[in-house]
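# Residue-level structural notes
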Amino acid sequence: MNVKFAILAGTIALSLGAIAFFSSKETSYILLDASELAAHPAKYDGDELLRVRGFVKLGTVVREGKTAKFVLQLNDREVPVYFTGATLLPDAFKEGTRARVDGVWKNGTLVADRVEAKCASKYEAGYSDQEASAEEYESGSR
């Protein structure tokens, strides 16, 4: 009875370990700014999943059906992006917005399957109002 239990427990532990190991490999991203990727592109060549942050450069968005091409920029450095259209581009995605792009670096282009765009004006106004309220509260104005 103890041998059967030990074998069962070992099998379960091994299975859970394998699931954790392989699922973490699939969902692990290297978080970078566009300027970092542009400065050291050879370092990220391969199959590593990258999550790159930057701003969509004005005048660079070219939509081709579900796919799109654009340039992410940060600190005067640029990263060309090819969006595969595997998901939809968000409504907030447009030139000049802050964006986060998930993909792999291949032949000098970030091949992306996911794009998230931030609408700065939508979030900053609410944040600055909350910040002012917190400062008034702390100083005893209220």
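Here we summarise the structure given alongside this text.

About the cut-offs
Residues numbered from 1 in each chain as written. Predicted model: local features only at pLDDT ≥ 70, side-chain atom pairs only at ≥ 80, totals over all residues. Heavy atoms only, no water. Helix = DSSP H or I, 4+ residues; strand = E, 2+ residues; numbered from the N terminus. Buried < 20%, exposed > 50% of the residue type's maximum accessible area, 1.4 Å probe, protein only. Areas by Shrake-Rupley, 256 points an atom, 1.4 Å probe, with all protein chains shown as cover. Contact = heavy atoms within 4.5 Å. Salt bridge = Lys/Arg side-chain N within 4 Å of Asp/Glu carboxyl O.

Turning next to the overall build of the chain. From N to C terminus, the chain includes three helices and seven strands. Counting the 142 residues in the chain, one finds 24% classified as buried. Summed over all atoms, the accessible surface of the chain reaches about 9,800 Å², with 55% contributed by carbon and sulfur.

Turning our attention to the environment of G46. Its location among the elements puts G46 in the loop between α2 (34–39) and β2 (50–56). In this structure G46 comes out as partly exposed when scored by relative accessible area, which is 28%. Sequence separation of G46 and N107 is 61 residues, and the distance between their C-alpha atoms is 9.2 Å. When sequence neighbours within four positions are dropped, the list of residues in contact with G46 reads V104 and W105.

Turning next to unusual backbone geometry. Phi is positive for N75, close to 55°, though the residue is something other than glycine. Secondary-structure assignment places N75 in the loop between β4 (67–74) and β5 (77–83). Residue class for N75 comes out exposed when judged on its relative accessible area of 61%. Here the phi dihedral of D76 falls at roughly 65°; this positive angle occurs in a residue that is not glycine. Within the fold, D76 resides in the loop between β4 and β5. For D76, a relative accessible area of 82% translates into the label exposed.

Taken as a whole and judged by the stated rule, the model has six salt bridges. With its nearest N and O atoms 3.1 Å apart, the salt bridge here joins R53 to D33. A residue pair is termed long-range when its members are at least 10 positions apart, and R53 in strand β2 and D33 in strand β1 (residues 30–33) qualify at 20 residues. For D33, a relative accessible area of 21% puts it in the partly exposed group. Through salt bridges with shared partners, one network takes in R51, R100, D102, R114 and E116.

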